[in-house]
Amino acid sequence: MRKLLFLFMMLCCCFEANAGDLDGKYLSQSGELMFIFSADSLYIDIAQSQRKVSAFKLVKNSENKNTTSFNAYEAYLKDGRETYREVLIKVTKLENKNYLLEYFGKDKDREYNSNERYNIKLID
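Residues numbered from 1 in each chain as written. Predicted model: local features only at pLDDT ≥ 70, side-chain atom pairs only at ≥ 80, totals over all residues. Heavy atoms only, no water.

A. Looking closely at the pattern of salt bridges. Going through the model one piece at a time under the given rule, you end up with five salt bridges. Of the charged contacts in the structure, one is a salt bridge between Lys52 and Asp45, with a shortest N-O distance of 3.4 Å. Residue Asp45 is classed as buried on the basis of its relative accessible area, which comes to 2%. We note a salt bridge from Lys60 to Glu63, for which the minimum N-O separation is 3.2 Å. Given a relative accessible area of 51%, Glu63 falls into the exposed group. (Salt bridge = Lys/Arg side-chain N within 4 Å of Asp/Glu carboxyl O. Buried < 20%, exposed > 50% of the residue type's maximum accessible area, 1.4 Å probe, protein only.)

B. Just the pairing of strand E7 (residues 98–106), in detail. In terms of strand pairing, strand E6 (residues 81–95) meets E7 through seven bridges, oriented antiparallel. By the bridge assignment for E7, Glu95 is matched with Asn98. Adjacent in sequence and paired antiparallel, E6 and E7 are bridged by two residues, among which Asn96 carries a positive phi angle near 35°. By the bridge criterion, nine bridges tie E7 to strand E8 (residues 113–122) in an arrangement that is antiparallel. By the bridge assignment, Glu102 is partnered in E8 with Arg117. (Pairing = 2+ DSSP bridges. Helix = DSSP H or I, 4+ residues; strand = E, 2+ residues; numbered from the N terminus.)

C. The pairing of strand E2 (residues 33–38), seen in detail. Within E2, five of the six residues are buried, which leaves the element mostly enclosed by the surrounding structure. Connecting strand E1 (residues 24–28) to the antiparallel partner E2 that follows it, the hairpin turn spans four residues, and Gly31 within it adopts a positive phi of roughly 85°. Connecting E2 to the antiparallel partner strand E3 (residues 41–46) that follows it, the hairpin turn spans two residues, and Ala39 within it adopts a positive phi of roughly 55°.

D. Molecular detail of the nonpolar core. Residues Phe37, Phe56 and Ile89 are the most contacted members of the largest nonpolar core, which totals 19 residues. Put simply, the parts of the chain that give this core at least two residues each are E2, E3, strand E4 (52–63), strand E5 (67–78), E6, E7 and E8. (Core = buried A, V, L, I, M, F, W, Y, C linked by side-chain atoms within 4.5 Å.)

E. A look at the side chain of Ser28. Here Ser28 shows up in strand E1. Polar side-chain contacts of Ser28 include one of 3.4 Å to the backbone nitrogen of Glu32. Each residue touching Ser28, except ones within four places of it in the same chain, is listed here: Leu33, Phe35, Asn119 and Ile120. (Polar contact = N/O pair within 3.5 Å; in protein donor to acceptor, adjacent residues only side chain to side chain. Contact = heavy atoms within 4.5 Å.)

F. Highlighting the confidence of the model for the chain. Within the chain, residue pLDDT values average 83, and 81% of them lie at 70 or more. Low pLDDT, under 50, characterises residues 4–8; the stretch is placed with zero contacts to residues that sit more than four places away or in other chains. (pLDDT = per-residue confidence, 0-100.)

G. Representation of the packing of aromatic side chains within the structure. This model, assessed by the stated rule, comprises three aromatic pairs. Pairing Phe35 with Tyr118 gives two aromatic rings, centres 5.3 Å apart and planes at 55°, and the pair type is tilted. Placement of the pair is Phe35 in strand E2 and Tyr118 in strand E8, with a sequence separation of 83 residues. Accessibility expressed as a relative area gives 1% for Phe35, which makes it buried. According to the relative accessible area criterion, Tyr118 is partly exposed, its value standing at 22%. An aromatic cluster is built from Tyr26, Phe37 and Tyr99, whose rings are joined through pairwise contacts. (Phe/Tyr/Trp six-rings, centres within 6.5 Å; stacked < 30°, edge-to-face > 60°.)

Below is the structure:
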C-alpha cells in the first residue's frame, strides 16, 4: 500500500512541475526581451545580446482553458550571498502563437513590488 501511495505522489509531482506546451522561444512585442520556456524553467534574456536577465524554476499553480499560472522561484546573489525569491507568473494564450505573460512580485533589482505585462510571440 505504501509503495502504491508513493508512486501516486511521485506521478502528481511530475505533472505539476512541467510548463507543458509552452516550450520554446518567445520574443516580446517590443523586441527587447526573449522568454525561453524549457521543461520546468523560464529564462529571460536580452534579445540582441543574448545576455541573461533572470532564470526561474516553474511550479504550475493552476491551469484553465487559456491561462496557466506558475509559482516561479529564482536564486540570485545579493551582497555576496545567495538569495531566493518567489513571484507569480501567469501566461494567457491570446491567438495563434501570441501570449500575454504577466509577472507579479518583488523585483530583485528594486525595493518595491512590480506588476509587468508582456505580449510575447513564439518564434521557434
